[in-house]
Amino acid sequence: MCSIFIVCEGVDGSGKSTQLNLLNKYLNQKGIKTLVTREPGGTPVGEKIRELLLDPNYPELMDRTEALLYAAARAQLVAQVMRPTLKQGIVVLCDRYIDSTLAYQGYGRGMDLDFLRSINKLASGGLAPNLTVLLDLAPEEGLARSRRERAADRLESQSLNFYHKVREGYLELAKRKPEAYLVVDARQEMEQIHHIICTRIGGLLNV
Ligand code: TYD
């Protein structure tokens, strides 16, 4: 049984959900069972927390409160969905995970990385992805893409400087543990990115 956990990360508008959906289809065509989920959310409890986190009507939300809410949604997703699914040998594909907290709350907002790591260790029980696909893109390009699609939510209304720090944070995380990451230049064509991801994950899953 292949209980493999794959995470896709990147700044807003980097194309994560498109690539996860393409990867999902590819794996299913190869006869591999998958579950696609996302953060914050992925469970009824998590989706409620997501509504609160992305609501622009709460500018008073404190950094620690925000970080703990992400961790709370994550705790629910790990226990209710991810662990039972992985136990059945199903591949889990997740749009964002702990690195989003490290990149956005840590590198972006300047919160203490050790604090964030410790609350997330508690929330996840130490569940770590086998591979993180990082879609690397300049925030200007990512935001332009997502704003074309819909109005900005609370997080997207942040300054561009914030997103630069987020991007650098992701790259730093990948640099520290290169074997656990696939960093892809997200300016490439969708099909080309898909091909790069499938080649790496095909290797992991022997397909
Ligand atoms: P979403 O609309 O899902 O954005 P995207 O399509 O880019 O993934 O909103 C998720 C937002 O939440 C996104 O701006 C990143 C942010 N986020 C954090 O700040 N910390 C976290 O731990 C997670 C999971 C997300």
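Placed above this text is the structure.
Please read these numbers as outputs of a predicted model, since none were measured by experiment. (Residues numbered from 1 in each chain as written. Predicted model: local features only at pLDDT ≥ 70, side-chain atom pairs only at ≥ 80, totals over all residues. Heavy atoms only, no water.)

Cis geometry marks the peptide bond from E39 to P40; its omega dihedral reads -10°. Topologically, P40 is positioned in the loop between strand 2 (34-38) and helix 2 (44-54). The backbone of R96 shows a phi angle near 80°, a positive value even though the residue is not glycine. Summarising the element assignment, R96 is placed in the loop between strand 3 (91-95) and helix 4 (98-108). Despite not being glycine, N206 shows a phi value in the positive range, around 60°. (Helix = DSSP H or I, 4+ residues; strand = E, 2+ residues; numbered from the N terminus.)

The next point concerns the nonpolar core. By size, the foremost hydrophobic cluster in this structure holds 56 residues, and its most contacted members are F5, L27, M82, V133, I197 and I201. It is helix 3 (residues 63-87) that contributes the most residues to this core, 7 residues altogether. Once residues lying within four places of it in the same chain are set aside, the contact partners of V133 are I6, V7, C8, E9, L182, V184, I197 and I201. In terms of nonpolar packing, the next biggest core, distinct from the first, is built from 7 residues, I49, L54, L61 and A73 among them. (Core = buried A, V, L, I, M, F, W, Y, C linked by side-chain atoms within 4.5 Å. Buried < 20%, exposed > 50% of the residue type's maximum accessible area, 1.4 Å probe, protein only. Contact = heavy atoms within 4.5 Å.)

Quick look at helix 8 (residues 190-205) now. For helix 8, with 16 residues, the first-to-last C-alpha span of 22 Å sits near the 22 Å given by 1.5 Å per residue. Within helix 8, burial applies to I193, H194, I197, C198, I201, G202 and L205. Down the axis of helix 8, the sector holding all buried residues measures 160°, keeping them to one side. Summarising the contacts, the buried residues of helix 8 are in contact with strand 1 (5-10), helix 1 (16-29), strand 3, strand 4 (131-136) and strand 5 (181-185). Just beyond helix 8, the residue with positive phi is N206, at close to 60°. (Expected span 1.5 Å × (residues − 1). Arc of directions from axis to C-beta.)

Another point: the site of the ligand. Taken together, 15 residues lie around the ligand, and D12, K16, R96, T101 and Q105 are the ones closest in. Between the ligand and R74, the relevant distance is 3.0 Å, taken from an oxygen atom to a side-chain nitrogen or oxygen of the residue. Compared with its free state, where it exposes 550 Å², the ligand has 93% of that area covered by protein. Only helix 2, helix 3 and helix 4 provide two or more residues apiece to the shell around the ligand. Ranked by residue count, the leading element in the shell around the ligand is helix 4, at 4 residues. A breakdown of the residues in the shell around the ligand according to their chemical character gives 5 nonpolar, 3 polar and 7 charged. (Near = heavy atom within 4 Å. Polar contact = N/O pair within 3.5 Å; in protein donor to acceptor, adjacent residues only side chain to side chain. Areas by Shrake-Rupley, 256 points an atom, 1.4 Å probe, with all protein chains shown as cover. Nonpolar A, V, L, I, M, F, W, Y, C, P; charged D, E, K, R; others polar.)

Our focus in this paragraph is the pattern of salt bridges. Considering all chains together, one arrives at 11 salt bridges under this definition. Note that E9 and R96 form a salt bridge whose closest N and O atoms lie 4.0 Å from each other. Of the two residues, E9 is situated in strand 1 and R96 in the loop between strand 3 and helix 4; the sequence distance between them amounts to 87 residues. Bridged by salt links that share partners, the residues E9, D12 and R96 form one connected network. (Salt bridge = Lys/Arg side-chain N within 4 Å of Asp/Glu carboxyl O.)

Let us now look at the packing of aromatic side chains. This structure, assessed with the given rule, holds 5 aromatic pairs. A ring pair is formed by F5 and Y97, whose centres lie 5.0 Å apart and whose planes are at 80°; its orientation type is edge-to-face. Residue F5 is found in strand 1, and its partner Y97 is found in the loop between strand 3 and helix 4; the two are separated by 92 residues along the sequence. One exposure class covers both F5 and Y97, and it is buried. On the numbers, 5.2 Å between centres and 85° between planes, the contact of F162 with Y163 is edge-to-face. For the pair F162 and Y163, a shared accessibility class is recorded, and that class is buried. Taken together, Y104, F162, Y163 and Y170 form an aromatic cluster joined through their ring pairs. R64 extends its terminal NZ or CZ atom over the ring of F115, reaching a point 4.2 Å from the ring centre. One Lys or Arg, R74, reaches over the ring of Y97 and ends 5.7 Å from the middle of that ring. (Phe/Tyr/Trp six-rings, centres within 6.5 Å; stacked < 30°, edge-to-face > 60°. Lys NZ or Arg CZ within 6 Å of the ring centre and 35° of its normal.)

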